Amino acid sequence: MVVSVVLLWVCFCMLLFLIRTRRPKHFPPGPQTIPIFGNLHQLNLVNPVNDLQKLSDRYGKVFSFYFGGRPAVIITGMEAMREALLTKALDFAGRPGGVLLSHLTQGKGIIMADYGPSWKEHRRFALITMRNFGLGKQSMEERILGEVSYICAHLEKVAGQTIDPQTLFHNASCDIICSIMFGSRYEYDHEFFQAMIKMMADNSKIANGPWGMIYDTMPLLRNLPLPFQSALRDYHTVKMHVLDIVNEHRATRTPNEPRDLIDGYLDEVDKRGQDPAPFDDSQMLTMLLDLLFAGTDTTSNTIRAAVLYFMAYPDIQERCQQEIDMVLEGRDQLCFEDRHSMPYTQAVIHETQRAASTLPLSVFHCTTKDTELTGYQIPKGTLVIQNLSSVLHEETQWKFPHSFNPNNFLNEQGEFEKPPAFMPFSIGPRTCLGEGLARMELFLILVTLLRRFQFIWPEDAGEPDFTPVFGVTQAPKPYKMVVKPRTITAN
Ligand code: HEM
Ligand SMILES: *[C@@H]1O[C@H](CO)[C@@H](O)[C@H](O)[C@H]1NC(C)=O
Ligand SMILES: *[C@@H]1O[C@H](CO)[C@@H](O)[C@H](O)[C@H]1NC(C)=O
């Protein structure tokens, strides 16, 4: 039934819109388009990676593609990426409107907010406040290490068994963000925590899948009772619950003694006096949900990838463990500063991020004015897709572009060195706002795990499979692992 309604609508739209989409003058080259679908019919919507690879092989580093009637420019390779995001930073710093995600957020908050004063001030606020959380009662480091102790407690309970770590890492990443925003973490089976986790999972499934693509490219179908309606509804439900938490904060806070990000925001509103714009409740709620969305899947999928690599390369795992044991000898607590004495482990963590390419296409950008890139002309309002994954595997930039090899980040003296093509957090004015936090999380979590446990690929599980599941955030396929507690020598 639903399918036939959709088909009927599609035919109807075809008749309505029998106009040819033509590329503007001097626009980057790309495949022939047809009305309505643009180039969509040339893609496998469930996993477009291979199809897109063929296009970039054929049309070059900067090429175009039509999502329905909407032109997009895809940027491949480090040189073009730097020209767009650094040299012409402001021209490329917009976000597209009119897609499912920007409708969910109504263009507020940070991630999907277009370039402008509201985005700028909220981004600045979030960056500064999260940095200051080192000054509050509990530093960022303590919050993360607190969560790590829950992860370890869980793993100790299931030691020797074969388990899938996906929800554990996911819950922990989500809880670290909760602790920063709300002042406390949740038990993993807390009702609100469950609802939030489920909403995020359902929404990213819809936004990443064919339904999201249909929503984004065929506006006429948006009011039909299709699955994206439930995405909009669930988002609203969680938002209303976060509003309750905000109101609780209002009632219990001491001005200028922020316990968390919400208190910080309320202080900022006070400080702005009569006219706090663009700061208001609705912006705050969207910003909070943005941070949850941006900080949960990304971090947990990277941790999951790291553990998969530890198991696939036991020699690399062991070498990290030797380095960690040596540096931490006789100490209980790890700190973020220790990274400077662990070049090999640092290299392995960075190599994991390179190989995992967690956000392979970054977050879509949009041009803020008519501009130029590698000699092509790109009009204002064009969708821009950064292929970060192409830079992370670019043959001219890496010693070992296609294999998992920590030497990509070690110089001849065995010191840690970060090549300029390492940009999993993107570059330029829109670069990941959580980079500092994410790097701290990855280091503290992975080093503690390596110190306390040995990760073993189950004997009956076949070969480790590195083919990622495609999505806006790319993740390893679900896998099983065995954990064995290590005895920490020397105490
Ligand atoms: C390993 C973990 C992470 C990776 C790989 C990652 C990567 C990225 C990337 C590629 C972007 C898009 C940048 C662009 O559009 O040019 C982004 C944006 C963003 N990330 Fe992250 N991220 C991670 C963790 C986090 C965490 C923990 C937080 C939250 C606290 C966070 C918050 C954000 C926000 C708010 C944006 C939007 C920035 C803007 O539009 O101005 N991310 N991230
Ligand atoms: C991005 O680059 C990678 C590696 O070069 C390629 O496999 C992928 O298909 C590209 N994606 C797009 C959207 O061009
Ligand atoms: C993670 O949280 C979800 C939702 O609350 C829960 O169902 C799951 O059991 C939790 N996972 C672990 C390992 O505690």
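Along each chain, residues carry numbers from 1 onward, in the same order as the chain's sequence is written. Labels follow written order: the first chain is A, the first ligand is 1, and so on. Totals for whole chains, interfaces and linings use all residues, but because this is a predicted model, local features are given only for residues with pLDDT of at least 70 and pairs of side-chain atoms are given and counted only at 80 or more.

In the nomenclature of an unreviewed UniProt entry, the protein is known as Cytochrome P450 2F2-like of Alosa alosa. UniProt positions are given in the numbering used here, feature names are shortened, and annotations may be inferred rather than shown by experiment. Looking at the Cofactor (unreviewed entry) heading of the UniProt record, one finds this comment for the protein: "heme". In UniProt, the protein has this text filed under Subcellular location (unreviewed entry): "Membrane".

### Section: the overall build of the protein
Numbering of helices and strands runs from the N terminus; a helix is a DSSP stretch of H or I covering at least four residues, while a strand is a stretch of E covering at least two. Looking only at helices and strands, the protein has 16 helices and 11 strands in total. Relative to its length of 491 residues, the protein is compact, with a C-alpha radius of gyration of 23 Å against a globular reference of 23 Å. By principal-axis analysis of the C-alpha atoms, the protein measures approximately 75 × 55 × 50 Å. Counting only residues that meet the buried cut, the protein has 40% of its 491 residues in that class. A residue pair is marked as a contact if its C-beta atoms, positioned from the backbone, fall within 7 Å. Restricting to contacts in the protein with at least 6 residues of sequence separation, those with at least 24 account for 71%. For the radius of gyration, the atoms used are the C-alpha atoms, and the globule rule reads 2.2 Å times the number of residues raised to 0.38. Using C-beta atoms placed from the backbone, we call a residue buried if 20 or more other C-beta atoms fall within 10 Å of its own, exposed if 12 or fewer do, and partly exposed for counts in between.

### Section: the environment of Thr-299
Note on placement: Thr-299 falls in helix α12 (residues 281-312). For Thr-299, a count of 25 C-beta atoms within 10 Å translates into the label buried. In sequence terms Thr-299 and Phe-169 are 130 residues apart; their C-alpha atoms lie 8.5 Å from each other. If sequence neighbours within four positions are ignored, Thr-299 has contacts with Ser-173, Ala-438 and Glu-441.

### Overview of the site of ligand 2
In the vicinity of ligand 2, 11 residues are found, and the nearest of them are Leu-52, Gln-53, Ser-56, Asn-387 and Ser-390. Looking at the shell around ligand 2, the elements that each hand over two or more residues are α2 (49-59), β2 (70-76) and α15 (388-392). The greatest single-element share of the shell around ligand 2, amounting to four residues, is contributed by α2. Under the convention adopted here, Pro, Cys and the residues Ala, Val, Leu, Ile, Met, Phe, Trp and Tyr are nonpolar, Asp, Glu, Lys and Arg are charged, and Gly plus all remaining residues are polar. Its residues assigned to classes, the shell around ligand 2 comprises four nonpolar, seven polar and no charged. We count a residue as near a molecule or strand when its backbone-placed C-beta atom lies within 6 Å of that partner.

### Remarks on the site of ligand 3
Around ligand 3, the neighbouring residues are His-154, Thr-167, Leu-168, Asn-171, Tyr-188, Asp-189, Phe-193, Gln-194 and Ile-197. Broken down by secondary-structure element, the contributors of at least two residues to the shell around ligand 3 are α7 (166-182) and α8 (191-208). Of the residues that constitute the shell around ligand 3, the class distribution is four nonpolar, four polar and one charged.

### Considerations on the UniProt feature "binding site: heme" (unreviewed entry) in the protein
Following the UniProt record, one finds the feature "binding site: heme" (unreviewed entry) at Cys-432. Mapping Cys-432 onto the fold places it in the loop between α15 and α16 (435-452). Sequence-distant contacts of Cys-432, that is, excluding residues within four places in its chain, are made with Phe-425 and Ser-426.

### Some remarks on unusual backbone geometry
Cis geometry marks the peptide bond from Ala-277 to Pro-278; its omega dihedral reads 5 degrees. For Asn-256, which is not glycine, the phi dihedral falls at a positive 65 degrees. Note on placement: Asn-256 falls in the loop between α10 (228-252) and α11 (261-272). Taking the number of C-beta atoms within 10 Å as the measure of exposure, Asn-256 has 10 and is therefore exposed.

### Observations concerning the packing of helix α13 (residues 314-328) against α16
Angles run from 0 to 180 degrees between N-to-C directions of axes, and those axes are lines fitted to C-alpha atoms, restricted for helices to the stretch in contact. At a minimum axis separation of 9 Å, α13 and α16 run at an interaxial angle of 95 degrees. Classified by the angle between their axes, α13 and α16 sit roughly perpendicular to one another. Where α13 approaches α16, its residues Gln-317, Cys-320, Gln-321, Ile-324 and Leu-328 are matched on the opposing element by Val-447, Leu-450 and Arg-451. For the contact of α13 with α16, the residue count by class is five nonpolar, two polar and one charged. Oblique is the label for every angle not falling under 35 degrees (roughly parallel), over 145 degrees (roughly antiparallel), or within 65 to 115 degrees (roughly perpendicular).

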